[in-house]
Every structure is written in structure tokens, then in C-alpha cells.
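# Residue-level structure breakdown
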Amino acid sequence: MSVSTIKSNKCFGGQLIKLSAKAESYNGLETKFNVFVPEGKGPFPVLYYLAGLTCDEDTGATKGMFEGPAAAHGIALVFPDTSPRGAGIAGEDADWDFGTGAGFYLDATAPAYASHYRGFTYLTQELPELLKKSGLPLDLNRQSIMGHSMGGHGALVLYLKTLALGKYASCSAFAPITNPTLCPWGTKAFAGYLKGGVEEGKEWDATELLRSGQAKGELRIRFDWGSADNFFQAGQLLPENFLGEVKSLGVGGVVGTQREGYDHSYYFIMSFAAEHVACESEFFACCLIQCSQRSQSTQST
Ligand SMILES: N[C@@H](CCC(=O)N[C@@H](CSC=O)C(=O)NCC(=O)O)C(=O)O
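Below you will find a few notes about this structure. Here the structure is a predicted model, which is why all the values come from computation and not from measurement. Within any chain, residue numbers begin from 1 and follow the written order of that chain's sequence. Reporting of local features is limited, given that this is a predicted model, to residues whose pLDDT is at least 70; pairs of side-chain atoms are given and counted only at 80 or more, and all residues count toward the totals for whole chains, interfaces and linings. Derived side-chain values reflect all non-hydrogen atoms in the structure, with water molecules and hydrogen atoms excluded from consideration.

Turning our eyes to something else, we now look at the site of the ligand. We call a residue near a molecule or strand when any one of its heavy atoms sits within 4 Å of it. The ligand sits among 13 residues. The nearest are Leu53, Cys55, Lys63, Ser149 and Met150. In protein, a polar contact means a hydrogen-donor-capable atom and an acceptor-capable atom, both N or O and within 3.5 Å, with residues adjacent in sequence counting only if both atoms are side-chain atoms; elsewhere, any N or O pair within 3.5 Å suffices. Within the backbone of leucine 53, one N or O atom sits 2.8 Å away from an oxygen atom of the ligand. Serine 149 has a polar side-chain atom sitting 2.7 Å from an oxygen atom of the ligand. Only the protein chains shown count as covering a residue, and every accessible area follows the Shrake-Rupley method with a 1.4 Å probe. Compared with its free state, where it exposes 540 Å², the ligand has 69% of that area covered by protein.

Rendered as C-alpha cells:
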């Protein structure tokens with residue numbers, strides 16, 4: 001498992017570095033990711049950004065306008081791809097909302113996809129190892145995750161599924177798909193990727209993970225969506241279902257806000273990028289205090 005550098009560009013005083021590796025989780029296929037490292041010594045806390053359908057590792061890095069705020073707060077950004085590429089599975093490139101560019105950040109179980117489409121394992125286990133190998137000044141004990149649309153679904157699901165492990169300090173999302181077992185994108189994806197279909201998809205559905213009590217721990221989730229988002233209007237995102245579940249469970253730590261007049265585009269994302277990064281920065285600060293309290297209590301026992 002080696003990591004190679006494709007290119008590096010100076011950006012807000014730091015570097016935006018494009019890296020490549022062969023991913024075991026993608027059955028050995030090459031995958032690319034961008035890492036923004038702020039100026040300075042580090043190590044810097046790490047904020048992952050998962051992009052949406054049809055996107056790749058460059059979309060968030062070039063259109064999201066996250067680097068300026070990340071440089072100001074001393075946060076590193078990691079932009080992975082949205083699926084394996086070139087698996088050669090029949091039908092993989094037939095639609096824009098399934099297959100290449102649309103991996104849904106899950107571990108597939110349907111025989112055709114199970115050996116290549118393992119985005120959950122890639123992101124939660126393999127990518128952090130690749131980042132360690134890269135030698136970049138990253139603090140992998142302080143990680144948070146955010147995403148847009150399908151990537152917002154990925155961010156919520158990765159956060160909730162690993163909540164008890166404390167893998168991510170917090171989760172932040174832009175127009176996330178929050179109840180994929182009940183929306184057309186999600187039901188199509190789960191029917192194709194999972195041998196148990198939509199029923200098995202409940203394991204990869206943020207609202208269902210809350211409802212079933214599988215997500216154990218204190219929540220730190222913030223998300224926004226636009227009132228003029230055509231995909232929200234078409235019932236693909238269903239933020240009301242997720243927030244309804246939060247309310248009925250009576251849990252705190254979740255802030256979901258509808259932004260008037262905004263659509264699904266990167267113009268919406270860039271309008272709130274700085275707020276989301278600032279919010280993550282506060283969570284990293286809490287996380288630093290908790291880490292230092294943990295290490296003090298370990299030292300005192
Ligand atoms: N081609 C599609 C539209 C695809 C699209 O809008 N993708 C969104 C994410 S949607 C949910 O995951 C996106 O981020 N696109 C990249 C961009 O630069 O906007 C269609 O025909 O409707």
C-alpha cells in the first residue's frame with residue numbers, strides 16, 4: 001500500500017496536494033484524493049469532505065471554497081473520490097446516480113459489487129492509513145467529517161456508525177440525503193449494492209440508525225439545506241424525517257437549518273462553507289480539551 005504524489009499547488013499559504021494509491025477496499029484499483037495542508041508545522045486536525053453524485057475528488061476542492069476558512073482555523077481537508085473507478089462491472093456506468101461516481105459510501109454485499117464497492121471500509125480504515133503513510137503533518141486522532149447530498153448521507157452514516165468509537169468529533173452536511181431507504185436515489189442504490197436490498201439499506205440510513213438506537217453517544221451534527229433545492233423539493237433529501245426522529249427520541253446536539261432561496265449547487269455550499277468549517281473548528285477545540293483531559297486522567301490513575 002503506497003501513496004504517490006501527483007501534484008501540489010500552493011493555496012491560501014498551504015498546499016493542496018493530489019495523491020494516488022491502490023486501494024485494497026476497491027479491490028486494488030487506483031484511487032485519488034486531495035489533501036489541503038495549511039501553512040505551518042502541524043499536526044493539523046483532519047476534516048473529510050465527501051462529495052455527491054457525479055462528483056470526484058476535485059469537486060469539493062475546486063468548488064466548495066473550504067480551503068480559505070480551513071487555512072484560517074489550522075484545519076487540514078481531505079477530499080476522497082465518490083466511488084471506485086474502472087471496476088468493469090456490467091451496468092456500472094449506465095446511470096449517473098448509480099455505479100461510478102455514486103458509491104454511496106457503503107460496503108456493498110450484492111455479489112457483482114461486493115469486491116470493489118467498499119467505500120465505508122476505504123474511508124474509515126484504509127484512507128487514514130494511507131494518510132499516515134503520506135507523511136503529511138496530520139493529527140488523525142482529531143478527525144471530523146462533512147459532505148454534500150450523497151456525500152452528506154455518507155458523512156452522517158460514517159459518523160453515526162462509528163459514534164461509539166469516537167472516530168469523528170462531529171459531522172456537518174450540506175443538503176444531505178438523510179433517509180435513503182425512503183427516497184428514489186437511495187432505494188435504487190440499495191437495491192443494486194446490497195443483496196438484502198432496501199431492507200438491508202436501513203444499516204446505511206442515517207434516520208434508521210437513529211431510530212434503531214444503533215448510534216450510541218453524544219451527537220454533534222449540523223446540517224443545512226436550501227428551500228429552493230430541486231432535489232429537496234423532489235423528496236430526495238427528507239431532512240424533515242431525520243429531524244422528526246431527533247425530536248421524537250428527544251436527543252440533543254443536532255442542528256438542521258433550512259436556508260431560504262438556496263438550491264442544491266456549489267453556490268449554496270460556498271455560501272455556508274466558512275460557517276461549517278468554523279463550527280468544526282470549535283468541535284476540534286472541544287476534542288482537544290477532551291483528549292487532554294483523558295490523558296491527564298490516564299496520567300493521574
Ligand atoms: N447530472 C445530474 C445532476 C447531478 C448533480 O446535481 N450532482 C450534484 C450532487 S447530487 C447528490 O449527490 C453535484 O454536486 N454536482 C456537482 C456540481 O458541480 O454541481 C442531473 O442530470 O440532474
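To continue, consider the sheet that holds strand S8 (residues 221–226). Strand order in the open sheet formed by 9 strands is S1-S2-S3-S5-S4-S6-S7-S8-S9, with mixed pairing between adjacent strands. Because the sheet does not close on itself, it has two edges, and the strands there are strand S1 (3–11) and strand S9 (254–259). On average, each strand axis in the sheet is tilted by 20° relative to the strand beside it, whichever way the strands run. Here strand S6 (residues 138–148) runs beside strand S7 (residues 171–174); their pairing, made up of 4 bridges, is parallel. Of the residues in S7, the one forming a bridge with histidine 148 is phenylalanine 174. Residues count as neighbours in contact if any of their non-hydrogen atoms are within 4.5 Å of one another. Only the stretch in contact is used when fitting a helix axis, every axis being a line fitted to C-alpha atoms; angles between N-to-C directions are given from 0 to 180 degrees. Starting at the N terminus, helices and strands are each numbered in turn, a helix being any DSSP run of H or I of at least four residues and a strand any DSSP run of E of at least two. The strands that helix H3 (residues 119–134) touches are S1, strand S2 (14–23), strand S3 (29–37), strand S4 (44–50), strand S5 (76–80) and S6; relative to S3, the one it contacts most, it runs at about 65°. Set on the sheet, helix H4 (residues 150–161) makes contact with S4, S6, S7 and S8; between it and S6 the angle comes to about 135°. When DSSP finds two or more bridges between two strands, those strands count as paired.

Right, let's get into helix H9 (residues 239–249). Whether a residue is buried, partly exposed or exposed follows from its accessible area with a 1.4 Å probe, protein chains only, as a fraction of its type maximum: under 20%, in between, or over 50%, in that order. Regarding H9, the residues found buried are Pro239, Phe242, Glu245 and Val246. All buried residues of H9 fall inside an arc of 130° around its axis, so they share one side. What points out from H9, more than 90 degrees from its buried face, is the exposed set Lys247 and Ser248. Contacts from the buried residues of H9 go to H4, helix H7 (206–211), S8, helix H8 (230–233) and S9. Following H9 by one or two positions, glycine 250 has its phi on the positive side, about 70°. Think of it as the arc spanned by the lines of direction from the helix axis to the C-beta atoms.

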